[in-house]
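One-letter residues, chain by chain:
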Amino acid sequence: MAVLVGGGLGAGARFGVSLIIPSAILGTFIVNVLGAGALGYVLARLRLAGRSRSVTVPLLGVGFLGAFTTFSSLAVQLVEGPFLLSLAYGVASLAAGILAVMMGLTLGRRT
Amino acid sequence: MTWVAVVIAGGVGALARYGVIGFVQARTRDPRPWGTFVVNVTGAAVLGLVVGIAPGGWWVVPITVGFLGGYSTFSTWMVETIYLAEGGGAAAVRSGLLNLVGTLGAGLIAAAAGYLIGTWL
């Protein structure tokens, strides 16, 4: 139930971002990097507090942030785009995503 | 109205992801995140297929942006990659890199295959 509610809100929020940001690629990039960083932060925070089994995980982690970010759009945009743009977009997405998770985990692990 | 449909479809997609990941992880002893791999690659294939067919109708955005967006996930993939790579030397870093490159590669092939099949249909 928490996954369903969180996931619906996450997908709705991503749709909202796509209406505000005119470029589909930029919109996907922003939600993915933000969502990855936030998931790292939330998971680190919960583990630190010993609350890894709390409802926050399915609601906010699996549901909202899982659905807020998307892999399918990224993959199709990379396939559709011109080669050099896709190369830059793909490398930037992965590098920024990894960096965001590391920042989120570091921030979340601070006591 | 589209918004409501996206929220509902996105929730169902997230729930399907939760179910598929649980199903896959329960059937492998391999601790690597195969569940996330499966949802992301299948989600990319189906989105490629839909984009290739290029159908019209009110349901396209709820299915693509809502269901498939909610079903596939970037954040979990990134976090699991870091978890794999963390604190275990060169082998762990290799494992994380493999998850990163393997998922992306398989996802791109799946999206391209789905797209090509969709344009033929």
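I will try to describe carefully the structure that is included in this document. (Residues numbered from 1 in each chain as written. Chains lettered and ligands numbered in written order. Predicted model: local features only at pLDDT ≥ 70, side-chain atom pairs only at ≥ 80, totals over all residues.)

**What to know about the overall build of chain B**
Moving on, step 1. Within chain B, the secondary structure is distributed over five helices and zero strands.
Moving on, step 2. For chain B, the N- to C-terminal ordering of α and β elements is α-α-α-α-α.
Moving on, step 3. Dimensions of chain B along its principal axes, counting C-alpha atoms only, are 50 × 30 × 25 Å.
Moving on, step 4. When the 121 residues of chain B are sorted by exposure, 49% land in the buried category. (Helix = DSSP H or I, 4+ residues; strand = E, 2+ residues; numbered from the N terminus. Buried ≥ 20, exposed ≤ 12 C-beta atoms within 10 Å, placed from the backbone.)

**Observations regarding the interface of chain A and chain B**
Moving on, step 1. Each partner contributes residues to the interface: chain A has 40 residues there, and chain B has 39 residues.
Moving on, step 2. For the side of chain A that touches chain B, the secondary structure elements donating two or more residues are α1 (2-20), α2 (24-48), α3 (56-68), α4 (72-80) and α5 (83-109) of chain A.
Moving on, step 3. Among the elements that make up the side of chain A that touches chain B, the one with the highest residue count is α1(A) (13 residues). (Contact = placed C-beta atoms within 7 Å.)

**With respect to the packing of α1(A) against α2(A)**
Working note: a packed helix pair is described by the angle between its axes plus the distance between those axes.
Residues and elements named next belong to chain A.
Moving on, step 1. At their nearest, the axes of α1 and α2 sit 9 Å apart, and the two run at 140 degrees to each other. Judged by the angle between their axes, α1 and α2 are oblique. Of the two possible hands of crossing, α1 and α2 adopt the one that is right-handed. Across from Arg14, Val17 and Ser18 in α1, the residues of α2 making contact are Ala24, Gly27, Ile30 and Val31.
Moving on, step 2. Broken down by class, the residue content of the contact of α1 with α2 amounts to four nonpolar, two polar and one charged. (Axes fitted to C-alpha atoms, helices over the stretch in contact; angles between N-to-C directions. Parallel < 35°, antiparallel > 145°, perpendicular 65-115°, else oblique. Left-handed = near helix turned anticlockwise from the far one by under 90°. Nonpolar A, V, L, I, M, F, W, Y, C, P; charged D, E, K, R; others polar.)

**Some details on the environment of Met78(B)**
Residues and elements named next belong to chain B.
Moving on, step 1. Mapping Met78 onto the fold places it in helix α4 (residues 75-85).
Moving on, step 2. We classify Met78 as buried; it has 31 C-beta atoms within 10 Å.
Moving on, step 3. Taking C-alpha positions, Met78 is 20 Å from Gly19, a pair spaced 59 residues apart along the chain.

**Regarding helix α2 (residues 34-53) of chain B**
Moving on, step 1. Here α2(B) contains 20 residues, and its C-alpha end-to-end distance of 29 Å stays within 8% of the 28 Å for a straight helix at 1.5 Å per residue.
Moving on, step 2. Extensive coverage of α2(B) is indicated by the burial of 15 of its 20 residues. (Expected span 1.5 Å × (residues − 1).)

**A word on the nonpolar core**
Moving on, step 1. The biggest cluster of nonpolar side chains holds 66 residues, and the ones touching the most others in it are Ala36(A), Ala75(A), Ala44(B) and Ala111(B).
Moving on, step 2. It is α2(A) that contributes the most residues to this core, eleven residues altogether.
Moving on, step 3. Among all residues touching Ala111(B), those that are not within four sequence positions of it are Ala75(A), Val76(A), Val79(A), Ala44(B), Ala45(B), Leu47(B) and Gly48(B). (Core = buried A, V, L, I, M, F, W, Y, C linked by C-beta atoms within 7 Å.)

**A short note on the environment of Val101(A)**
Moving on, step 1. Of note, Val101(A) is situated in helix α5.
Moving on, step 2. Classification of Val101(A) as buried rests on a count of 28 C-beta atoms within 10 Å.
Moving on, step 3. C-alpha of Val101(A) to C-alpha of Leu65(A): the two residues are 36 residues apart in sequence and 12 Å apart in space.
Moving on, step 4. When sequence neighbours within four positions are dropped, the list of residues in contact with Val101(A) reads Ala36(A), Gly37(A), Gly40(A), Met78(B), Val79(B) and Ile82(B).

It is worth stressing that arrangement in space is one thing and function is another; only the former is reported here.
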